[in-house]
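# Structural description and commentary
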Amino acid sequence: MFDLSIHGRVYTDRLLEGWVYVTGGKIAKVSRERSGKAAAEITLSDSQFLFPAATDLHVHLRDWSQRRKETVETGTKSALAGGVTTVADMPNTEPRMNTVEAVEKRADLMRAKSFADFALHAGPPDSPGSFAALKKAGAFAVKLYPPELGRFTEVLKETTRSRMKLAVHAEEFALVGTERAHLAEGVAVRRILGGLASTSEVRFAHVSTSDGASELERAKRSHSGLTVEVAPHHLFMSDEVAEERIGVTSRVNPSLRSKANAAKMRRMMRLGVFDFYVTDHAPHTVEEKFQGAPGFPGLELALPLFLTKTNDPALVSRMYCEAPAAYLGLRKGKISQGFWADMVVIGRRSWKVDPERFVSKGRVTPFAGETMRYSVEHVFKAGRTVFSGGRFTKTISRLAVDGHLH
Ligand code: NCD
Ligand code: ZN
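What comes next concerns the included structure. (Residues numbered from 1 in each chain as written. Chains lettered and ligands numbered in written order. Predicted model: local features only at pLDDT ≥ 70, side-chain atom pairs only at ≥ 80, totals over all residues. Heavy atoms only, no water.)

## Some words on the nonpolar core
Rules: Among the buried residues, those of types Ala, Val, Leu, Ile, Met, Phe, Trp, Tyr and Cys that are joined through side-chain atoms within 4.5 Å form a nonpolar core. Burial classes follow relative accessibility: with a 1.4 Å probe on protein chains only, a residue under 20% of its type's maximum area counts as buried, one over 50% as exposed, and anything between as partly exposed. Helix numbering and strand numbering both begin at the N terminus, where a helix is a DSSP run of H or I of at least 4 residues and a strand a DSSP run of E of at least 2. Domain ranges listed in this record stem from an automatic or a database domain assignment. Throughout, a contact is declared for two residues whenever any of their heavy atoms are within 4.5 Å.
The biggest cluster of nonpolar side chains holds 107 residues, and the ones touching the most others in it are F204, F274 and Y320. A total of six residues in this core trace back to one element, the largest contributor, which is helix α12 (residues 313-327). Both domains that meet at this core, namely domain 1 (2-50 + 339-395) and domain 2 (53-327), each give it at least three residues. Each residue touching Y320, except ones within four places of it in the same chain, is listed here: A54, T55, D56, V84, Y277, T279, L299, A302, L303 and F306.

## Things to note about the pairing of strand β6 (residues 54-59)
The criterion, for reference: A strand pair is defined by DSSP finding two or more bridges across the two strands.
Counted residue by residue, β6 has six buried out of six residues, so it is predominantly covered. Relative to strand β7 (residues 84-89), β6 runs parallel, the two being bridged by four bridges. Residue pairing for β7: V59 is matched across the bridge by D89.

## Details of the coordination of the zinc ion (ligand 2)
Heads up, the condition is: Donor atoms (N, O, S) are those found within 2.8 Å of the metal centre, with the cutoff raised to 3.2 Å for Na, K and Ca; water is not part of the atom list, so apparent gaps in a site can occur.
Binding of the zinc ion (ligand 2) to the protein goes through H58 (NE2), H60 (NE2) and D280 (OD), at separations of 2.1 to 2.2 Å. Mapping the donors of the zinc ion (ligand 2) onto the primary sequence gives the spacing H-x1-H-x219-D. A residue pair is termed long-range when its members are at least 10 positions apart, and H58 in strand β6 and D280 in the loop between β13 (276-277) and α10 (286-290) qualify at 222 residues. Judged by relative accessible area, which is 5%, D280 ranks as buried.

## Structural notes on the packing of aromatic side chains
For any pair of aromatic rings, geometry is given as the distance between the ring centres together with the angle between the planes. Threshold: Each pair of aromatic rings taken from Phe, Tyr and Trp, with Trp reduced to its six-membered ring, is defined by centres within 6.5 Å and is described as stacked if the planes are under 30 degrees apart, edge-to-face if over 60, and tilted in the remaining cases. Throughout this description, the term charge over a ring refers to an Arg CZ or Lys NZ atom that lies within 6 Å of the ring centre and within 35 degrees of the ring normal.
Tallying each qualifying case throughout the model produces eleven aromatic pairs. Summarising the aromatic geometry, the rings of F115 and F392 are spaced 6.4 Å apart at their centres and angled 80° between planes, so their arrangement reads as edge-to-face. Remark: F392 occurs in strand β19 (residues 391-392) and F115 occurs in the loop between α2 (100-113) and β8 (117-122); sequence separation between them is 277 residues. Grouping aromatic residues by their ring pairs yields a cluster made of Y11, F49, F51 and Y374. Here R106 stacks its cationic end above the ring of W64, 4.7 Å away from the centre of that ring. If you follow R398 out to its NZ or CZ, it ends over the ring of W340, 4.3 Å from the centre.

## A closer look at the environment of S45
Summarising the element assignment, S45 is placed in the loop between β4 (38-43) and β5 (48-52). Under the relative-accessibility criterion, S45 is labelled partly exposed at 35%. C-alpha of S45 to C-alpha of G347: the two residues are 302 residues apart in sequence and 8.7 Å apart in space.

In structure tokens, the structure reads:
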């Protein structure tokens, strides 16, 4: 007897009609025929299909002194509402996450309040060394921001030594916000690649220009450890349209670019340049957005948006489910025997993006008013229902480090 069975259309590596069986939080069997009884049996409707839940490698969950912007609870509920069951949190919190004490506190807070499984990025510690201690405290990776890029070589040495990942926001700090801001990414990408060994593990965060992306495409051929993120607003939004819709509140780092650039980015995505689709979920209050705070909330929207804009479940499942989970070393992101039963029931239902209805505290997005053609209707995490009918259930949330959930 299984714990749970789901019958209907299922996305494995294609859409098939069948049964998914779950036992002990994991997928026990996927088959085209009914092959046993389950304590709970669910049948999907004709307009629904089962899809792997997503893993988002780049989110800012705030909390602490920034609870006005977002809390771990609102941010991770927002993740579940968007079909995301695993999130990797960024370290630009207040206080910053670059000490053992802060990372430990963060892990405790996440365990207590997060509705999703999670991984933590740390910032580089103020003095060299002590990376191993950050890892022991729970950080799987270090993230570098533009003002810190001068420390790249030193930090890469330390992350390599302590077997941590390294993520970089590659924009030349001196150019950001100037007339030549569109060059900032290419310049920084070239500088970083210039000093890189062929095996170095570096993840380029939210690459936003076709210039930066083409450099990385070339470099990936000879550098096995390079990975590249892309965010929804750099693929499916332009500076022009955002400005028209939401004016000064359209600020984000890296900036939105031209329509032509977004079209090139989408073409490069089809060629496989980008490994991971990430929201860069960066919520702020409306007042702060009017004062120029950069970033948008994205977690509730990212999966339906990606499916709507591409109609390509294979691409979506690879870039938002399978690859990011594999990067964390987790058996998630695929509906396949032995994987965690983190799955989403997607409905073919149209709805309009209304940020006033977001679970996130962030309410400003340039996608407001757009029509989505897919909706997240039910979410399972480790075989348990965690989101259904607009309601959330908190289950145990685990920390991902070294490819394990703790
Ligand atoms: C980020 C944030 O708000 O934390 N904002 C963003 O636009 N991506 C920080 C940042 O990268 O500047
Ligand atoms: Zn970010």
